[in-house]
Amino acid sequence: MKIITSVEEFRTFRHTLQGSVGFVPTMGALHKGHLSLVEKSNQYCDYTIVSIFVNPQQFAEHEDLDTYPQNIDHDIKLLSAFTVDAVFLPHSHMMYPENYSTYINETDVSLGLEGKSRPTFFRGVATIVSKLFNIVQPSHSFFGEKDAQQLRVISKMVEDLNYPIDIVPCPIIREDSGLAMSSRNKYLNEDAKQKASVIYRAISHGKKLLKNGEKNYSIIKDAVEKIILAEELADIDYVSIASSKTLKEFSTTIDEDALISVAVNFDGVRLIDNIVHSSG
Ligand code: AMP
């Protein structure tokens, strides 16, 4: 497993690879969710590249860039259990030199949900992923459904900008309690982490109502909110029920495949999760 820190070195290494190249972009503090993406890349591709880069452009000023969990040595140890041909670890000043001035803005699926709460987030995500795609030049790239909207924004960017890359969605990996694994779970103490499983219980209940034939938007949304708010550590940012295809919010009747997604400040930590109901 090569550890590469410069773009030039990565390009030289890339020239030596022939065949399919799977790419897993991450911000580190790796857990089983990230590793499931690496495992899938190993199954699909001849080579697997992982990047670890805490991207300052996707954090707003009041967010947790300075405290975001980082443990590169541990990450590299976890990755050694898989076939990882190279880990790309660029420095921030290399990705964004002082005179940096080019950004990627997706202007449809990025607008609601996370885009509404975090207005510059997807511009940061699309820009760094675009840059990493240009450097790594993968044939496939693996993204978690945990970040459902991100997956759609990246898929749209790849389609619109003609990147010759297959975007492969990977299922959400959860703790036994149901809590979606996330690097930010490291901020929670054990008690709060247990209690945070209420988020999954709530969205699962929403899905169950839909499965049982309830189509009324407000009834389902209220039921999901009520379960979350029964936990006093929880402060809801949003609960959304949107078309899973377009991400447009339903208003009265839920009459197609639905994405129930939530952002909750839990004991001060912003957690997101989602679940899909397929009507067909
Ligand atoms: P991050 O390091 O949080 O930027 O995540 C890097 C990649 O891992 C993204 O494609 C995420 O969607 C994915 N990911 C993070 N948590 C999970 C999880 N619990 N299950 C599946 N994929 C995940």
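Owing to the predicted nature of the structure, the values given are computational and were not obtained by experimental measurement.

K.L.:
Please clarify how the site of the ligand should be interpreted in this entry.
P.N.:
Near the ligand lie 16 residues; those nearest to it are Met27, His34, Asp147, Ile173 and Met181. Separating an oxygen atom of the ligand from a backbone N or O atom of Met27 is a distance of 2.9 Å. Here Met181 contributes a backbone N or O atom positioned 2.8 Å from a nitrogen atom of the ligand. When isolated, the ligand has an accessible area of 490 Å², and the protein chains bury 92% of it. Contributing elements (two or more residues each) for the shell around the ligand: β2 (21–26), α2 (32–44) and β5 (140–144). Sort the elements by how many residues they give to the shell around the ligand and α2 lands first, with three residues. Along the lines of polarity and charge, the residues of the shell around the ligand split into eight nonpolar, six polar and two charged.

K.L.:
How should I be thinking about the nonpolar core in this particular structure?
P.N.:
Nonpolar side chains in soluble globular proteins tend to be buried together. If you look at the biggest cluster of nonpolar residues, it comprises 40 residues, and the most contacted ones within it are Phe10, Ile49, Val129, Phe133, Ile154 and Ile167. If you list the elements that add at least two residues to this core, you get α1 (7–14), β2, β4 (86–88), α6 (121–136), α7 (148–160) and β8 (258–266). For this core, the element with the most residues is α6, which contributes 10 residues. Every residue in contact with Phe10, bar those within four places of it in the chain, is listed here: Ile4, Ile49, Ala86, Phe88, Ile135 and Val136. With 26 residues, the next largest nonpolar core counts Ala192, Tyr217, Val239 and Ile254 among its residues.

K.L.:
Would you mind going over empty space enclosed by the protein with me for this structure?
P.N.:
Rolled over the atoms, a probe with the dimensions of a water molecule shows which regions are left empty. Throughout the structure, instances matching the rule amount to one cavity of 30 Å³ or more. In terms of lining residues, the largest cavity is bounded by Lys146, Leu179, Ala180, Ser182, Asn185, Ile199, Leu271, Ile272 and Asp273. By residue number, the principal contributor to the lining of the largest cavity is strand β9 (residues 269–277), which donates three residues. Looking at the lining of the largest cavity, its residues break down into five nonpolar, two polar and two charged.

Conventions adopted
Residues numbered from 1 in each chain as written. Predicted model: local features only at pLDDT ≥ 70, side-chain atom pairs only at ≥ 80, totals over all residues. Heavy atoms only, no water. Near = heavy atom within 4 Å. Polar contact = N/O pair within 3.5 Å; in protein donor to acceptor, adjacent residues only side chain to side chain. Areas by Shrake-Rupley, 256 points an atom, 1.4 Å probe, with all protein chains shown as cover. Helix = DSSP H or I, 4+ residues; strand = E, 2+ residues; numbered from the N terminus. Nonpolar A, V, L, I, M, F, W, Y, C, P; charged D, E, K, R; others polar. Core = buried A, V, L, I, M, F, W, Y, C linked by side-chain atoms within 4.5 Å. Buried < 20%, exposed > 50% of the residue type's maximum accessible area, 1.4 Å probe, protein only. Contact = heavy atoms within 4.5 Å. 1 Å grid on protein atoms, 1.4 Å probe; cavity = no way out; pocket = protein on both sides within 12 Å on 5 of 7 lines; lining within 4 Å. Points joined across faces, edges and corners; volume = space filled by probe spheres on them.

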